[in-house]
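Breakdown of the fold
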Amino acid sequence: MKKKIVSFVLCTVMAAALAGCGSGGDGSTSTAASGGGSSAASSSAGSSSSASSKEEDTGSGDAITVGFSQVGAESDWRTANSASMKETFVEANGYHLIFDDAQQKQENQITAIRNFIQQEVDYIVLAPVTETGWDTVLKEAQDADIPVIIVDRMVDVSDDSLYTAWVGSNFRAEGDKAVTWLDEYYKSKGMENEEVNIVNIQGTIGASAQIGRTEGLEAGIEAHSNWNMVAQQTGEFTQAKGQEVMESVLKQHDDIDVVYCENDNEAFGAIDAIEAAGKTVGIDGDILVVSFDSTNAGLTDTMSGKITLNVECNPLHGPRVQEIIEKLEAGETPDKQAFVDEEVFAATDVVKSVKTDAGSFDVTVVTQDVLDNRAY
Ligand code: GYE
């Protein structure tokens, strides 16, 4: 429950005893004992109970309420992301989570945020489906003094003060990693001057993950006069749409070399379509499949060689958002924007590492050991 409500109830019911019961601030008023540095799950519980100070600490009455507007359940990545949030924001950690699945629709997310404001949650966490269109509703949250934490994809707002902090991936760097790998791969095969016909199955148009990954590919195509974009269409980050798009592209093009899928689920669909058309995938096959996310299922297909390159995108944001909330509870200022460290996985060790503007990254060949140690 929101601290304001608790304060109000305490003021009303125990008016005589409470001389200075003000409206209280949001979150920042709590004098958390934990320094906010570590991500120990229990520290937030401690800070929240010391924050609301008064007795009657029964159950969720004392918990920090987080309203989380999730995009949907379109992919394995998203499932892992939802699980991470749900596992983190549990009562035992001092939280009460209100989880809303927007089914990939921005209007549902806007409605969810308005509901969170009405419910007077302590924090709103938003995983935005697309970057634009958030100014109005985030202003409403700001006017209600509810901090908004953006997670995963980014928002494109006129005023950065409309959100408190963002944590997610460097999607453009992910695209650059894939393109650099392809460049190195063809060089290592002595094929750098051959024509390369590329199909781009894009993510949800306007989502940061789509924008960055597509931009990376388009920059790569611009830098290589022999790389051609033969088709570019959204697969909406789903297996079904990835398959549908690939089926139709295969009917129009017979000479595809690479399909650049912007997530694992699109890759699964594209592979099904390619195989159903009697073609093969992999370095010794007809078409190279490039993917993003590196989920367990994605890396399983990478180990088998069906996906040749898989650029990691880490969905385990629950503890990262918790750390941001802990800092706010402790009166500290979290980083406005934070990128997550991510790796590169491949079916082959032909390319050992890739250098991009974001740094140099080792390429890990997927083995059973890698899979066994995978958290998602
Ligand atoms: O890559 C995809 C999911 O925004 C990073 O969304 C996320 C993307 C992820 O549907 O699988």
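Attention here is on the structure that accompanies the text.

Before going further, it helps to spend a moment on the nonpolar core. Met246, Val258, Val259, Tyr260, Ala270 and Val289 are the most contacted members of the largest nonpolar core, which has 47 residues in total. Dropping the residues within four chain positions of it, Val258 is found in contact with Leu182, Val196, Ile198, Ile287, Leu288 and Val290. Counting residues in each nonpolar core, the second largest holds 42 residues, with Ala112, Tyr123, Ala141 and Val321 among its members.

With that out of the way, let us pick up the site of the ligand. Contacts to the ligand come from 14 residues, most closely from Ser75, Trp77, Ala209, Phe237 and Asn263. At the level of elements, helix H3 (76–88) and strand S9 (288–293) are the ones that each hand at least two residues to the shell around the ligand. Residue assignment places the shell around the ligand across two domains, with domain 1 (3–169 + 316–339) and domain 2 (171–315 + 342–372) each supplying three or more.

The next point concerns unusual backbone geometry. The phi dihedral of Phe237 falls on the positive side, at around 65°, and the residue is not glycine. Mapped onto the elements, Phe237 comes out in the loop between strand S7 (227–234) and helix H8 (239–252). Unlike most non-glycine residues, Ser294 shows phi in positive territory, near 60°. One can find Ser294 in the loop between S9 and helix H10 (296–303).

Cut-off values and rules
- Residues numbered from 1 in each chain as written.
- Predicted model: local features only at pLDDT ≥ 70, side-chain atom pairs only at ≥ 80, totals over all residues.
- Core = buried A, V, L, I, M, F, W, Y, C linked by C-beta atoms within 7 Å.
- Buried ≥ 20, exposed ≤ 12 C-beta atoms within 10 Å, placed from the backbone.
- Contact = placed C-beta atoms within 7 Å.
- Near = placed C-beta within 6 Å.
- Helix = DSSP H or I, 4+ residues; strand = E, 2+ residues; numbered from the N terminus.
- Domains from an automatic or database assignment.

None of the figures reported here should be taken as evidence of function without further support.
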